[in-house]
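A structural walkthrough
Spelled out from the first residue to the last, the chains are:
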Amino acid sequence: MSLEPTQVYVLLHEEAGAVKVGISRQHFAPGHNRVRAHERRGWRLHRSLTLHTARLAYDIEQAVIDRLRLDLHAPPADVDMPQYGRTETAPAALVSPALLWDLVCGGRTPGHRDPVRPPRPPTTGRPDGQQPRRAEIGGGRSLEPTPPGTP
């Protein structure tokens, strides 16, 4: 994967009733704009985001496609696409452009664990996420009364 800036985009084709997520480094090469090529075929740009690397853009695109298929059970849209782009589409009746963009930005769908973002750290204060043991409360000192004469 390239270290070049790469665009993640969401498109809508109102006539075909389809949405599409995609990535393109060609956005930065004069005369080779993938989004404009889709617009000539009836697609309209909903939103786009430029990322620093192609790897990050690709990982986000793949995570969104996984969510479309596995979490939302949205099949590819019945639309003719160049360059095998049909796999990156979904019916707009099931997935709005706004929802698709929310997935691009890391929005969560029920029951899904985001492969791009790491899980949140535990909030219990212990690295293993367990509740503190009684002896750990108060800096490791025991809270039990100390018998007289004990140091």
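The structure under discussion appears in the preceding block.
Below, the structure is looked at part by part. (Residues numbered from 1 in each chain as written. Predicted model: local features only at pLDDT ≥ 70, side-chain atom pairs only at ≥ 80, totals over all residues. Heavy atoms only, no water.)

Helix and strand counts for the chain stand at three helices and four strands. Secondary structure elements in the chain, listed N-terminal to C-terminal, are β-β-α-β-α-β-α. By residue count, 34% of the 151 residues in the chain fall in the buried class. If you take every contact in the chain between residues at least 6 apart in sequence, the share linking residues at least 24 apart comes to 61%. Summed over its atoms, the accessible surface of the chain is roughly 9900 Å², and 54% of this surface lies on carbon and sulfur atoms. (Helix = DSSP H or I, 4+ residues; strand = E, 2+ residues; numbered from the N terminus. Buried < 20%, exposed > 50% of the residue type's maximum accessible area, 1.4 Å probe, protein only. Contact = heavy atoms within 4.5 Å. Areas by Shrake-Rupley, 256 points an atom, 1.4 Å probe, with all protein chains shown as cover.)

So, on to the environment of Leu11. If you trace the backbone, Leu11 turns up in strand β1 (residues 6-13). Along the chain, Leu11 and Val21 lie 10 residues apart, while their C-alpha atoms are 6.5 Å from each other. Setting aside residues up to four positions removed in sequence, Leu11 forms contacts with Ala18, Val19, Lys20, Val35, His38, Trp43, Arg44, Leu45 and His46.

The final tally for this structure, using the stated rule, is four salt bridges. Between Lys20 and Glu88 there is a salt bridge whose closest N-O contact spans 2.2 Å. Note that Lys20 is positioned in strand β2 (residues 18-24) and Glu88 in the loop between α2 (54-71) and β4 (89-91), a separation of 68 residues in sequence. Given the relative accessible area of 2%, Lys20 is considered buried. For Glu88, a relative accessible area of 18% translates into the label buried. (Salt bridge = Lys/Arg side-chain N within 4 Å of Asp/Glu carboxyl O.)

Function-wise, these values are silent; they only describe arrangement.
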